[in-house]
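# A look at the structure
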Amino acid sequence: KAGGRPLVILCIATVILLIAQNIVGILLAARVGAHPFYGLLVGSISFVGGPGTAAAWAREAQTAGLANAPEIAVGAATLAVVVGAIVSGPVTGWLINRWKLRGTPGPSPATWVAPTRAVSTWSTVAAMAALGLGVDLKAISKVGPRVITTVTGSLCLLIVLSLSLIHLLHIS
């Protein structure tokens, strides 16, 4: 009851976007002749579930015969984390400015926020580097051009859509 109508709207929008991600992924995979499960791996499995969920489902896909599913899934999840980090800052800033949101006046009651900012930044960089190092480039090269094209195409589409939204909404 505390979330009310806005929470219900958010949940419905989330489910619709999850379904849309999977449909786009499957269609792109079908377009280039790749197995549809690769489309799911580069869809909501990696973009919403993150690297852990992607790795878990990739093992299932690998067991089912998609030999290079782990590399594709973790690569897509890594890109999702990076794109999410790049897009979330400008979008949050735009929403704050758009709705004229302001915090409480005076110094932040959380004195630990400023010192942890650098630690957070470097921890994120280290995590992204570790995920990148975990991707086996030889294995990715073995999946063939169809899968590589599907993954690259869907990721490029996501980046273009994100940057277009940032431009159209005049987010700085």
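In what follows, the accompanying structure is described. Just so it is clear, the model here is predicted, and its values are computed rather than measured.

## Some thoughts on the overall build of the protein chain
From N to C terminus, the protein chain includes seven helices and zero strands. Order of helices (α) and strands (β) in the protein chain, N terminus to C terminus: α-α-α-α-α-α-α. Counting only residues that meet the buried cut, the protein chain has 26% of its 172 residues in that class. Within the protein chain, residue pairs in contact and separated by at least 24 positions form 67% of the contacts whose partners lie at least 6 positions apart. Only carbon and sulfur atoms are counted for the fraction: they give 72% of the accessible area of the protein chain, which is about 11,400 Å².

## A short note on a nonpolar patch on the surface
Judged by side-chain polarity, Val15, Ile19, Ile23 and Leu27 come together as a nonpolar surface patch covering roughly 370 Å² of accessible area. Mapped onto the secondary structure, Ile23 falls in helix 1 (residues 4-31). Judged by relative accessible area, which is 46%, Ile23 ranks as partly exposed.

## Let's talk about helix 7 (residues 145-168)
In this model helix 7 runs 33 Å from its N-terminal to its C-terminal C-alpha over 24 residues, within 8% of the 34 Å that 1.5 Å per residue would give. Residues of helix 7 that are buried include every one of Val147, Thr150, Val151, Ser154, Leu155, Ser162 and Ile166, and no others.

## Digging into the packing of aromatic side chains
If you walk through the whole model with that rule in mind, you get zero aromatic pairs. The residue whose ring lies beneath Arg98 is Trp99, and the NZ or CZ to ring-centre distance is 4.7 Å.

## Some remarks on the side chain of Asn68
Mapping Asn68 onto the fold places it in the loop between helix 3 (50-63) and helix 4 (69-98). A relative accessible area of 11% places Asn68 in the buried class. Setting aside chain neighbours within four positions, we find Asn68 in contact with Tyr38, Ala139, Lys142 and Val143.

## Quick look at unusual backbone geometry
Located in the positive-phi region is Lys100, a residue other than glycine, with phi close to 50°. By the secondary structure assignment, Lys100 is in the loop between helix 4 and helix 5 (113-133). With relative accessibility at 65%, the residue Lys100 sits in the exposed group.

About the cut-offs
Residues numbered from 1 in each chain as written. Predicted model: local features only at pLDDT ≥ 70, side-chain atom pairs only at ≥ 80, totals over all residues. Heavy atoms only, no water. Helix = DSSP H or I, 4+ residues; strand = E, 2+ residues; numbered from the N terminus. Buried < 20%, exposed > 50% of the residue type's maximum accessible area, 1.4 Å probe, protein only. Contact = heavy atoms within 4.5 Å. Areas by Shrake-Rupley, 256 points an atom, 1.4 Å probe, with all protein chains shown as cover. Patch = residues over 30% accessible without salt bridge, like charges linked within 9 Å, V, L, I, M, F, W, Y side chains within 5 Å. Salt bridge = Lys/Arg side-chain N within 4 Å of Asp/Glu carboxyl O. Expected span 1.5 Å × (residues − 1). Phe/Tyr/Trp six-rings, centres within 6.5 Å; stacked < 30°, edge-to-face > 60°. Lys NZ or Arg CZ within 6 Å of the ring centre and 35° of its normal.

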